[in-house]
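Listed below, chain by chain, are the residues.
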Amino acid sequence: MFSVKQSSWFMHKVSSLYIPACPRDSRVVRWRAVASFAWSVLLLPVTTSLFVFLSQASLLHPIQWITDSLCLLTASSTMFSLLLLSAVVLVIGIFIQEYCTVIPSIPCSRVALLAKVLHPRQCVHSLSHCSLGMLVTWCAAVTIGGRYRTLSHPCSESRLGFSENVGQMCLNEYHLFLLLAGAFMGYSHSLLGVVQNMNYVAFHAVQQHKYMHFKGSLPRVVKCSAVQSLYSLRNYIVLYYFFGYGPRLWISQILNLQLDGSSHFLDTVAGLLDFSLLYHLWISGTFLMLTWFITVFLFRIYVSEAYSFPVQSTFTEDAEMCLPKVLSCKEPMVMKFLALQDLALLSQHSPVRRQEVFSLSQPGGHAHNWNAISRECLSLLTDLTQRLVAHHDAVASNGRPKSQGSSSDAKSVTSGTVEDLPKAYPSVSKTPGSVFLRSSTVGLNSPMTAPFTPDLDSPFSSPVIRRLTAQEDPASPWFGSVQSPHVMRRGPKLWSIYCENFLFFFFFFFFFIFQVYTNKLLIFFFLRAILRGVSLPEASGQALFADSQAHIWALEGLSHLVAASYTEDRFGVVQTTLPNILSSMLMLLEAVDRHFKLPHASSKPSRATCSMGDSTHKTLRFALRAALKTALYRITTTFGEHLHAVQMSAEHRKRMQQFLEYKE
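Note that residues are indexed from 1 along each chain, following the sequence as it is written. The predicted nature of this model means local features are confined to residues of pLDDT at least 70 and side-chain atom pairs, given and counted, to a pLDDT of 80 or more, with totals for whole chains, interfaces and linings taken over all residues. Side-chain numbers here rest on the full set of heavy atoms in the structure, without hydrogens or water.

Going by the annotation in an unreviewed UniProt entry, the name recorded for the protein chain is Nucleoporin NDC1, with Denticeps clupeoides given as the source organism. According to the UniProt record, the Function (unreviewed entry) comment for the protein chain reads "Component of the nuclear pore complex (NPC), which plays a key role in de novo assembly and insertion of NPC in the nuclear envelope. Required for NPC and nuclear envelope assembly, possibly by forming a link between the nuclear envelope membrane and soluble nucleoporins, thereby anchoring the NPC in the membrane." UniProt positions are given in the numbering used here, feature names are shortened, and annotations may be inferred rather than shown by experiment.

A. How the structure looks around the packing of helix H22 (residues 548-568) against helix H23 (residues 578-596). Relative to each other, H22 and H23 sit at 140°, their axes nearing to 12 Å. Overall, the two elements H22 and H23 adopt an arrangement that is oblique. Note that H22 runs across H23; the crossing there is left-handed. On the side of H22, the interface is formed by Leu555, Leu558, Ser559 and Val562, while H23 contributes Leu578, Ile581 and Met585. For helices, the fitted line uses only the C-alpha atoms of the stretch in contact; every axis is such a line through C-alpha atoms, and the angle between N-to-C directions lies from 0 to 180 degrees. Counting from the N terminus, the helices are the DSSP runs of H or I reaching at least four residues and the strands are the DSSP runs of E reaching at least two. Roughly parallel here means an angle under 35 degrees, roughly antiparallel means over 145, roughly perpendicular means 65 to 115, and every remaining angle is called oblique. In this scheme the handedness of a crossing depends on how the near helix is turned from the far one: anticlockwise by less than a right angle means left-handed, clockwise means right-handed. Pairs of residues are marked as contacts when any of their non-hydrogen atoms sit within 4.5 Å.

B. Broad picture of the nonpolar core. Throughout this description, the term nonpolar core refers to a set of buried Ala, Val, Leu, Ile, Met, Phe, Trp, Tyr and Cys residues connected via side-chain atoms within 4.5 Å. In this scheme, a residue with accessible area under 20% of its type's maximum is buried, one over 50% is exposed, and one in between is partly exposed, where area comes from a 1.4 Å probe on protein chains only. Of all hydrophobic cores here, the largest spans 122 residues; its most connected members are Trp370, Leu582 and Met585. Take this core: its biggest share by element is 16 residues, from helix H12 (residues 275-303). With near-sequence residues (within four places) excluded, Trp370 lies in contact with Val357, Leu558, Leu561, Val562, Val573, Val574, Thr577 and Ile581.

C. Seen up close, a nonpolar patch on the surface. Residues enter patches when they are more than 30% accessible in relative terms and free of salt bridges; like-charged ones are connected within 9 Å and nonpolar ones (Val, Leu, Ile, Met, Phe, Trp, Tyr) within 5 Å. Per-residue accessibility takes into account occlusion by the displayed protein chains alone, with areas from the Shrake-Rupley method and a 1.4 Å probe. For this document, the term salt bridge refers to a Lys or Arg side-chain nitrogen within 4 Å of an Asp or Glu carboxyl oxygen. Residues Val238, Leu239, Tyr241, Phe242, Phe243, Val269 and Leu273 make up a contiguous nonpolar surface patch of roughly 730 Å² in combined accessible area. Here the nonpolar patch takes five residues from helix H9 (residues 210-243), the largest share from any one element. Relative to the elements of secondary structure, Phe242 occurs in helix H9. Using a relative accessible area of 59% as the deciding quantity, one classes Phe242 as exposed.

D. Focus on empty space enclosed by the protein. Buriedness of a pocket was judged along seven lines, with at least five required to meet protein on both sides within 12 Å; pockets are open sets of points on a 1 Å grid over the protein atoms alone, cavities are sets where a 1.4 Å probe fits but cannot get out, and lining residues have an atom within 4 Å of a point. Grid points are joined across faces, edges and corners, and a volume is the space filled by probe spheres set on the points. Under the definition given, this model contains five cavities of 30 Å³ or more. Considering every element that reaches the lining of the largest cavity, the biggest residue donor is helix H4 (residues 76-99), with three residues. Residues are grouped as follows: nonpolar covers Ala, Val, Leu, Ile, Met, Phe, Trp, Tyr, Cys and Pro; charged covers Asp, Glu, Lys and Arg; every other residue, Gly included, is treated as polar. Looking at the lining of the largest cavity residue by residue, the classes come out as five nonpolar, five polar and no charged.

E. Quick peek at the sheet that holds strand E3 (residues 258-259). Here, strands pair whenever DSSP counts at least two bridges between them. The sheet built from three strands is open, its strands ordered E1-E2-E3 with mixed pairing. This sheet does not close on itself; its edge strands, each paired only once, are strand E1 (152-154) and E3.

F. Structural detail: the UniProt feature "transmembrane region" (unreviewed entry) in the protein chain. The sites that carry the UniProt feature "transmembrane region" (unreviewed entry) are, in the present numbering, residues 37-60, 72-96, 238-259, 279-303 and 498-517. Each end of residues 37-60 is marked by a C-alpha atom, and these two atoms are 39 Å apart; helix forms 75% of the span and strand 0%. The annotated region residues 279-303 carries 100% helix and 0% strand content, and the separation between its end C-alpha atoms amounts to 36 Å.

G. View of the state of the cysteines. When two cysteine sulfur atoms lie within 2.5 Å, the pair is treated as a disulfide. Under the counting rule described, the total for this entry stands at one disulfide. Between Cys155 and Cys170 runs a disulfide, and the two sulfur atoms are separated by 1.8 Å. Judged by the sign of its S-S torsion, about 110°, the bond between Cys155 and Cys170 is right-handed. Taken together, the positions of Cys155 in the loop between E1 and helix H7 (157-160) and Cys170 in strand E2 (residues 169-171) put the pair 15 residues apart, joining distant regions of the chain.

H. Up close: the side chain of Glu173. With respect to the element layout, Glu173 can be found in helix H8 (residues 173-195). Here a polar contact means two N or O atoms within 3.5 Å. Within protein one must be a hydrogen donor candidate and the other an acceptor candidate, and residues neighboring in sequence count only if both atoms are side-chain atoms. A polar atom in the side chain of Glu173 sits 3.0 Å from the side chain of Arg248. Not counting residues within four places of it along the chain, the set of residues in contact with Glu173 comprises Tyr240, Arg248, Phe265, Leu266 and Asp267.

I. Quick look at the packing of aromatic side chains. Paired rings are identified among Phe, Tyr and Trp, the last through its six-membered ring, by centres lying within 6.5 Å, and are further divided according to the angle between planes into stacked (under 30 degrees), edge-to-face (over 60) and tilted (the rest). Applying the stated rule across the entire model yields 20 aromatic pairs. Ring centres of Tyr148 and Tyr174 lie 6.3 Å apart, and the angle between their planes is 90°; this geometry places the pair in the edge-to-face category. Taken as a pair, Tyr148 in the loop between helix H6 (120-144) and E1 and Tyr174 in helix H8 lie far apart in primary sequence, 26 residues in all. For the residue pair Tyr148 and Tyr174, the accessibility class agrees, reading buried in each case. Plain terms: the ring middles of Phe337 and Trp553 are 6.0 Å apart, the flat faces sit at 80° to each other, and that makes the pair edge-to-face. Placement of Phe337 in helix H14 (residues 333-349) and of Trp553 in helix H22 is noted, with a sequence separation of 216 residues between them. The two residues Phe337 and Trp553 agree in class, both being buried. Each residue in the set Phe177, Phe184, Tyr236 and Tyr240 is aromatic and connected to the rest through ring pairs, giving one cluster. Geometry around Tyr99 places Arg121 over its ring, the cationic atom sitting 4.1 Å from the centre. Lysine NZ or arginine CZ positioned within 6 Å of the ring centre and within 35 degrees of the ring normal marks a charge as sitting over the ring. Sitting over the ring of Phe265, Arg248 keeps its end group 4.2 Å from the ring centre.

In structure tokens:
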């Protein structure tokens, strides 16, 4: 997200102690990220104390419970674990900063999702989170103590059997069980980052103070951590039950440790029915998820906070810090989004800054600020309109150009006479018996006769069919038509004809039904495998509006500035671009209306009950349509009948009249 090739004042934090000072002052996003990570580290003692208190829970002995918890909090092992956890939080923060985005990545098919999961960059992310998860659960195991403290322990006497093996060490499967659970939960967290777009930073419409935002959302973060830990625990237990023998044997051989058979192994039902183990595993997973979710959530709060850009600058070297210049930047996208957010806010709540937008340059008297802002906003609206039109055309043609062969064939057939029908369809002139002839024009392997053609080499084929389909020998006296009236062919007896016909129709019907159902099953499984890789209409629609938050801000900023120009624009700079603004909005509205007529476009996705992934991008198309109509109503309400003097096409004028009459 923050990897920028060119030097940017907005992104790069410079320090005179390490790097020579850059002429562009850069402090915003880097400082925000550092502040969010610092608060995550400062909250670690609170979450660790809560974890220690829950891990030593003893309802029957409350005094001992509190005493043991306080002693454990002041132990040196806990302090060392806090240092390691702080390092883990910082590494997690670096990954969050590197992988986060303001435009969600929405795979339009399962194949695309699989490719995204198996991408080398994502594999590095997953392996790193596996290692970090294992480190967190190691700290949790050391903090809990008891049977979870170390990976090895002296073997019991029942395991040794001989006095010379007294010093032999055995593998502590409880410690290994927690470490592998941490690796599994770390990978699950990385995978959820892809599936649920956990790296997506959303900008909310209602701005809250950081403390109030965090305080109001903290119960949801704790709940999501507990629920996600429970789901991961369920999946991990099933996985360890079937495959736990492998890592246990491999670790014991690598470390030259014996397997302690005095207790049940944890890949058995008896070993897994240990409620104390399951409880400690669950709170350890909750502690891991809570620590990481808080880091993600604080980063979102700090990065999405509104920032005020100067509209114009007195000095030339500070021109890149101004709002019109930042709006025209393509990378990084977080900078562009913050600028559009600031534009929407200043257009509504800041009359002084609006005057700077409407002002003219001196000398020259040009409206550079308004021209740059309106040009960038109109470019965004035009780009979205073109994307929607292209998507609608692709869906209308079923994703491929229309074939000309079938239509031309159909046209030639329909334009012909009745006598031309046998030429167009040769099989129409065939008799029913010719379907089974090998020498017919439509052969046995033809798609017209394949479902109805029995296998002649099959032991179930009837002799009648063999005689019908067999080629006659030219040397035979029975070849061709019989000329002599004294020569007659011997026909089969009545009962044999009846039996053979009955067997023929029975086996033919059975064969036909069997083949039809076999073909249906094959087609079903084939289409099921294919459709799993074909683009999904709902996902493609969500991907089409993935960056629509920028367009919503552009619509709000333009409409509020246009409405305010009715009384505040002393030089009339807005009136020169008003026709383009109205035309762009109406064209976008037409494209959006056409899109909502497509299948799955109007269906609202189900909201996840407990997930840290922000799902606001799934409903951006509805917010865009509402913002577009609101913007048009805001302009028409302000200008009223004066809009009749604005130059626009007849279709746009008719649509604008609907807004003037409040019929939209």
